[in-house]
Amino acid sequence: MSDRFVIVIEGVDKTGKSSLAAALRETLGWPVVKSSQTTGPDAALQEYLDVLEHQKGHFIADRFHLGESVYGPVYRGTPPMDDAAVRLVEIRLLERGCLLVLMEDYAAAIAGRFKAHGEDFARAADVSDLLLRFDNEWRRSRLAKIRARWDELVVPQAVLGVVQQLMRGMVR
C-alpha cells in the first residue's frame, strides 16, 4: 500500500474545504498542506512538484493545482500553468495515489457566506462562474474524484470510505 496518498480538496471559497480538511486531519492524523496562490506563473509548476516531492507521507491538500487554474484567470487574467503543466501535476498525484474532492454548494448559499463574513467578492453571478470553472476542471481531471456538499456528519465518512477503497486497490 502506498504510504504517500494525497487527498486534494478543491472548490470555490466558502464551500467547506478547510472544514473537511480539519475533520480528515483529526480522523486520519495526516498533515494538511494549505495551498492558495503560487509565487507566479513561471514558478507554479515547480512549486506544486516540490510539495509532492518533499511531503514524504500521506497528506491532505486544502486546495491545490485546480484552484490556480480557476482563480488565476479571474484574478490575474491567465492561469499560472498551461494544460500540460496541470496534467504533469496530476501524473505525479496519480503516482502517489490521490483522491480529488470537489466541494460544492448553491451559488446563493456561497454568496451568503461571503456576505456574512463581510467579504464583497460574492455576487451570486461571480460564484456561479467559479462553480462552472471548477466543474470544468474537475471533469477534465483524470484523478479518482468525488463531489461533496459540506455536511460534518456525512462528508468526512464518505471521503474516508473512498480513500480506504482506493488505498486497498493500491496494494501491490
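This structure is a prediction, so every number in the text was calculated from the model and none was measured.

Engineer: I tried to follow the overall build of the protein on my own but got confused; where do I start?
Structural biologist: Helix and strand content of the protein: 7 helices and 5 strands. For the protein, the α and β elements follow one another from N to C terminus as β-α-β-α-β-α-α-β-α-α-β-α. A compact globule built from 172 residues would reach a C-alpha radius of gyration of about 16 Å, and the protein, at 16 Å, matches this within 12%. Once the C-alpha set of the protein is aligned to its principal axes, its extents read approximately 50 × 40 × 25 Å. Across the 172 residues in the protein, those meeting the buried criterion constitute 45%. Pairs at least 24 residues apart make up 78% of the contacts formed inside the protein by residues separated by at least 6 positions. Counting only carbon and sulfur atoms, one obtains 52% of the accessible surface of the protein, whose full area is about 8700 Å².

Engineer: Would you mind showing me how to read helix α5 (residues 107–116) here?
Structural biologist: It helps to recall that an α-helix has 3.6 residues per turn; residues three or four apart then point in one direction. All buried positions along α5 are accounted for by Ala107, Ile110, Ala111 and Phe114. The arc that holds every buried residue of α5, seen down its axis, measures 100°, which confines them to one face. Set apart from the buried face of α5 by more than 90 degrees, the exposed residues are Ala108 and Ala116. Where α5 terminates, the next one or two residues include Gly118, which has phi positive at roughly 75°.

Engineer: What exactly am I supposed to notice about the nonpolar core here?
Structural biologist: Generally speaking, soluble globular proteins have nonpolar side chains that are buried together. Ranked by internal contacts, the top residues of the largest apolar core, which has 32 residues, are Val8, Val12, Phe64, Val89, Leu93 and Val127. For this core, the elements supplying multiple residues, two or more each, are β1 (6–11), α2 (44–54), β3 (59–62), α3 (65–76), α4 (83–96), β4 (98–104), α5 and α6 (124–140). No other element matches α6, which puts 5 residues into this core. Beyond its immediate chain neighbours, meaning those up to four positions away, Leu93 contacts Val6, Val8, Leu52, Phe64, His65, Cys98 and Leu143. Judged by nonpolar contacts, the second largest core, of 17 residues, contains Leu20, Ala21, Leu24 and Ile60.

Engineer: Which parts of the structure should I look at to understand the environment of Asn136?
Structural biologist: In this structure, Asn136 sits in helix α6. Once the C-alpha coordinates of Asn136 and Val70 are considered, the two residues, 66 residues apart in sequence, prove to be 9.3 Å apart.

Engineer: I tried to follow the packing of α3 against α4 on my own but got confused; where do I start?
Structural biologist: For any two helices packed against each other, one specifies the inter-axial angle together with the distance between the axes. α4 packs onto α3 with a crossing angle of 160° between their chain directions and a minimal axis gap of 10 Å. Relative to α4, the element α3 lies roughly antiparallel. Classified by chirality, the crossing of α4 by α3 is left-handed. Touching His65, Leu66 and Ser69 of α3 are Val86, Val89, Glu90 and Leu93, all from α4. Within the contact of α3 with α4, the residues separate by chemical class into 4 nonpolar, 2 polar and 1 charged.

Engineer: Help me understand the layout of surface pockets in this model?
Structural biologist: Considering only enclosed or pocket space, the largest pocket measures out at about 390 Å³ in volume. Lining the largest pocket are 21 residues, with Asp13, Lys14, Lys17, Lys34 and Arg63 sitting closest to its centre. Only α1 (17–28) and α3 provide two or more residues apiece to the lining of the largest pocket. A per-element tally of the lining of the largest pocket places α3 first, with 6 residues. A per-class count over the lining of the largest pocket returns 2 nonpolar, 10 polar and 9 charged.

Engineer: Would you explain the pairing of β4 in this entry?
Structural biologist: Side-chain direction in a regular strand flips from residue to residue, so the side chains alternate between the two faces of the sheet. Of all 7 residues in β4, 7 are buried, a share of seventy percent or more. Both faces of β4 are covered, namely the face carrying Cys98, Leu100, Leu102 and Glu104 and the face carrying Leu99, Val101 and Met103. Bridge analysis of β1 against β4 gives 6 bridges, and the strand direction is parallel. Its bridge partner lying in β4, Glu10 is registered against Leu102. Here β4 runs beside strand β5 (residues 144–149); their pairing, made up of 6 bridges, is parallel.

Quick notes on the rules
Throughout this description, residue numbers start from 1 for each chain and increase along the sequence as written. Only residues with pLDDT of at least 70 are given local features in this predicted model, and only at 80 or more are side-chain atom pairs given and counted; all residues enter the totals for whole chains, interfaces and linings. Neither water nor hydrogens contribute to the side-chain values; these are computed over all heavy atoms in the structure. Only runs of H or I of at least four residues qualify as helices and only runs of E of at least two qualify as strands under DSSP, and these elements are numbered from the N terminus. In this treatment the radius of gyration is a C-alpha quantity, and the globule benchmark scales as 2.2 Å times the residue count to the 0.38 power. A simple rule labels every residue: compare its accessible area, found with a 1.4 Å probe on the protein chains alone, to the largest value its type can have, and call it buried under 20%, exposed over 50%, or partly exposed in between. The contact rule is simple, with two residues in contact once any of their heavy atoms fall within 4.5 Å. To measure how exposed things are, a 1.4 Å probe is used in the Shrake-Rupley method; for residues, cover is taken only from the protein chains shown. The arc in question is the one traced by the directions running from the helix axis out to the C-beta atoms. Definition used in this section: a nonpolar core is a set of buried Ala, Val, Leu, Ile, Met, Phe, Trp, Tyr and Cys residues joined via side-chain atoms within 4.5 Å. Whenever a helix is involved, its axis is fitted only over the stretch in contact; in every case the axis is a line through C-alpha atoms, and angles between N-to-C directions fall within 0 to 180 degrees. Should an angle lie under 35 degrees it is considered roughly parallel, over 145 roughly antiparallel, and from 65 to 115 roughly perpendicular; all remaining angles are considered oblique. The handedness criterion is simple: a crossing whose near helix is rotated anticlockwise from the far helix by less than a right angle is left-handed, and one whose near helix is rotated clockwise is right-handed. Each residue is assigned to one of three groups, with Ala, Val, Leu, Ile, Met, Phe, Trp, Tyr, Cys and Pro labelled nonpolar, Asp, Glu, Lys and Arg labelled charged, and all others, Gly among them, labelled polar. Here the term cavity refers to a set of points on a 1 Å grid, laid over the protein atoms alone, in which a 1.4 Å probe fits but cannot get out; the term pocket refers to an open set having protein on both sides within 12 Å along at least five of seven lines, with lining residues being those that place an atom within 4 Å of a point. Grid points are joined across faces, edges and corners, and a volume is the space filled by probe spheres set on the points. The rule for pairing is simple: two strands pair if DSSP sees at least two bridges between them.

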